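Chains, contacts and geometry: an overview
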Amino acid sequence: MNLAERDKQVVWHPFTQQKDMPKPVAIAKAKGSLLFDEKGNSYIDAISSWWVNLHGHSHPYIAEKIYQQALELEHVIFAGFTHEPAVRLAERLLPLLPGNFSKIFYSDNGSTSTEVALKMAIQYWWNRDAGDGTRDAGYEIRDTGYGMRDAGLPAGRQDAGYVRKKILAFKNSYHGDTFGAMSVSDRSVFTLAFHELLFEVIFIDTPTAENIEESKAIIQQHKNEIAAFIYEPLLQGAGGMKMYDAILLNDLLRTVKSTGALCIADEVMTGFDRTGKFFASDHVTEKPDIICLSKGLTGGTMALGVTACTDKVYNEYVNDDKLKTFFHGHSFTANPIACSAALASLDLLEKQECHQQIKWISEQNKNFAGELGSFDHIKNIRCLGTILAFEIIGGKDEYLNNISVTITQKAMEKGVYIRPLGNTVYIMPPYCITAEELSKVYNVISEILRELMS
Ligand SMILES: Cc1ncc(COP(=O)(O)O)c(C=O)c1O
């Protein structure tokens, strides 16, 4: 049995209908921008393996740091212990973050980083406003009938003064697949089976000159209920690489802040120079209170999540009252090997050649966007930093259509890996991509567009 056949016996793949699933391509190794399959065919990874890879695959510098760390300390419980890689990474990240951040909370991936942010923001208000008298009364676990259980403050006292529990989010958003992250993501095929179990969220449109006043009115209407606003700054990734205006986002953030609500920037995808600045929040003056990072954090080599917050948030948790503790953590919180990979990635991001590559990719993308203008069956050609995206006209604007599969297959046959989101074709290459590789990606996309037209 070859690897794909063995895989079919024992593995269940993400976001994939298993019935009649095309055989997965067995990747034997990867180097730089290239993925190599078992037969030695190569594919340019033009989407950085789900947007995680920054410096190229199997980077020797990151690999060496991972190896050295694994020999020294591979993992240790992070409650009651600490270690150099976690502290060093926090020390290095904090000054780079967009705003006055003071603490780093570690988790495992993008979804957990947003889940942590939501819990952190909601408990911020509970710690602040539920009233010490209420909390002094302790908590109890109650049978509430028909097999239901509830843990909370004594009946009738839980809500005293604690009214801010709602989350404000954008329509078309995606913040991950765990339940909290799903709740604040727009309702879609991803969340359909779970709708009744998701908590209620106030959704507003991503801002345009036409709709922003209506969104501001919605915010005002709920101004005493909103605990936090979670947003993907400037670019909604999984929602179809939809880009929106920095000035309008800034305006909206100002309105949210005027209500006292916390702002949570989900930079899981946009962080680490993807949008042409180190963080997408660097394009706006209104800074978040909480920021979520993952994906490129380790250069795409290890799973790691970061949720950073300001003193304003953190200080609400520092108290003699034990109930104000943030009761959250994961077995692999602050894994030393992952933190070392992140430190190595930061070293590479500081290099002049990396800055030059980012600038160069952004310029090349703009030139190619100009060329794409000659195709009349595509629309909304757009660029932001190292990301280029457009839509195929006539393809259905959703996940369950075949145009995405067709394009992926055609591109793979030509040695390029892209994975359109529905009818949205996009590229987001690793920063190490060579001139030859990038022009091959452009040529393959143009060829496929011509084939689709004919
Ligand atoms: C903006 C954003 N937030 C959160 C996530 C979830 O990250 P993960 O897949 O690591 O759980 C993603 C993943 O694509 C994302 O794009």
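Predicted model, so just to flag it, every value in this text is computed and none were measured.

Now for the pairing of strand β4 (residues 101-107). Note on strand geometry: in a regular strand, side chains alternate between the two faces of the sheet. Most of β4 is tucked away, with 6 of its 7 residues classed as buried. Pairing between β4 and strand β14 (residues 305-310): 6 bridges, direction antiparallel. Bridge pairing in β14 places Ser107 opposite Gly305.

A few words now on helix α11 (residues 336-350). If you check α11, its first and last C-alpha atoms are 21 Å apart, about what 15 residues at 1.5 Å a residue would give, namely 21 Å. In terms of burial, α11 is a largely internal element, 13 of the 15 residues being buried. The opening residue of α11 is Asn335, an N-cap whose side-chain oxygen sits 3.1 Å from the backbone nitrogen of Ile337.

What follows covers the pattern of salt bridges. Counting across every chain of the model gives 18 salt bridges. For the salt bridge of Glu213 with Lys216, the shortest nitrogen-to-oxygen distance reads 3.6 Å. With a gap of 3 residues between them, Glu213 and Lys216 both fall in helix α8 (residues 212-221), about one helical turn apart. Take Glu213: its relative accessible area is 51%, and that puts it in the exposed class. Here Arg254 makes a salt bridge to Glu286, at a shortest N to O gap of 3.4 Å. Linking Arg254 in helix α9 (residues 246-258) with Glu286 in the loop between β12 (262-266) and β13 (290-293), this pair joins segments that are 32 residues apart in sequence. You can call Glu286 buried: its relative accessible area is 18%. When salt bridges that share partners are traced, they join Glu213, Lys216, Asp251, Arg254, Lys257 and Glu286 into one network.

This part is about the domain arrangement of the protein. According to the domain assignment, the protein consists of domain 1 (3-58 + 351-453) and domain 2 (73-349). Contacts between the two partners involve 29 residues from domain 1 and, on the opposite side, 26 residues from domain 2. Taken together, both faces of the contact between domain 1 and domain 2 bury some 2500 Å²; the carbon and sulfur share is 66%. Our count for the contact surface shared by domain 1 and domain 2 stands at 16 residue pairs in polar contact (both at pLDDT 80 or more). Taken together, the elements giving at least two residues each to the side of domain 1 that touches domain 2 come down to α2 (48-51), α12 (352-372), β15 (378-384), β16 (387-392) and β18 (424-427). Tallied by class, the residues present in the side of domain 1 that touches domain 2 amount to 18 nonpolar, 7 polar and 4 charged.

Taken in spatial order, the 3 strands of this open sheet run β15-β16-β18, and their pairing is antiparallel. Single-partner strands in this sheet number two, and they are β15 and β18. In this sheet, adjacent strand axes meet at a mean angle of 15 degrees when their direction is disregarded. Pairing between β15 and β16: 5 bridges, direction antiparallel. Among the inter-strand pairings, Lys379 is bridged to a residue of β16, identified as Glu391.

Glancing now at the site of the ligand. By nearness alone, every residue bordering the ligand is listed as Trp51, Asn109, Gly110, Ser111, Tyr174, His175, Gly176, Glu232, Asp266, Val268, Met269 and Lys295. Here a nitrogen atom of the ligand sits 2.7 Å away from a polar atom, N or O, in the side chain of Asp266. One of the side-chain N or O atoms of Lys295 is found 3.1 Å from an oxygen atom in the ligand. The protein chains hide 83% of the 390 Å² of surface that the ligand would expose on its own. Its residues assigned to classes, the shell around the ligand comprises 4 nonpolar, 5 polar and 3 charged.

Rules of the game
Residues numbered from 1 in each chain as written. Predicted model: local features only at pLDDT ≥ 70, side-chain atom pairs only at ≥ 80, totals over all residues. Heavy atoms only, no water. Buried < 20%, exposed > 50% of the residue type's maximum accessible area, 1.4 Å probe, protein only. Helix = DSSP H or I, 4+ residues; strand = E, 2+ residues; numbered from the N terminus. Pairing = 2+ DSSP bridges. Expected span 1.5 Å × (residues − 1). Polar contact = N/O pair within 3.5 Å; in protein donor to acceptor, adjacent residues only side chain to side chain. Salt bridge = Lys/Arg side-chain N within 4 Å of Asp/Glu carboxyl O. Domains from an automatic or database assignment. Contact = heavy atoms within 4.5 Å. Buried area = accessible area lost by both parts, 1.4 Å probe. Nonpolar A, V, L, I, M, F, W, Y, C, P; charged D, E, K, R; others polar. Axes fitted to C-alpha atoms, helices over the stretch in contact; angles between N-to-C directions. Near = heavy atom within 4 Å. Areas by Shrake-Rupley, 256 points an atom, 1.4 Å probe, with all protein chains shown as cover.

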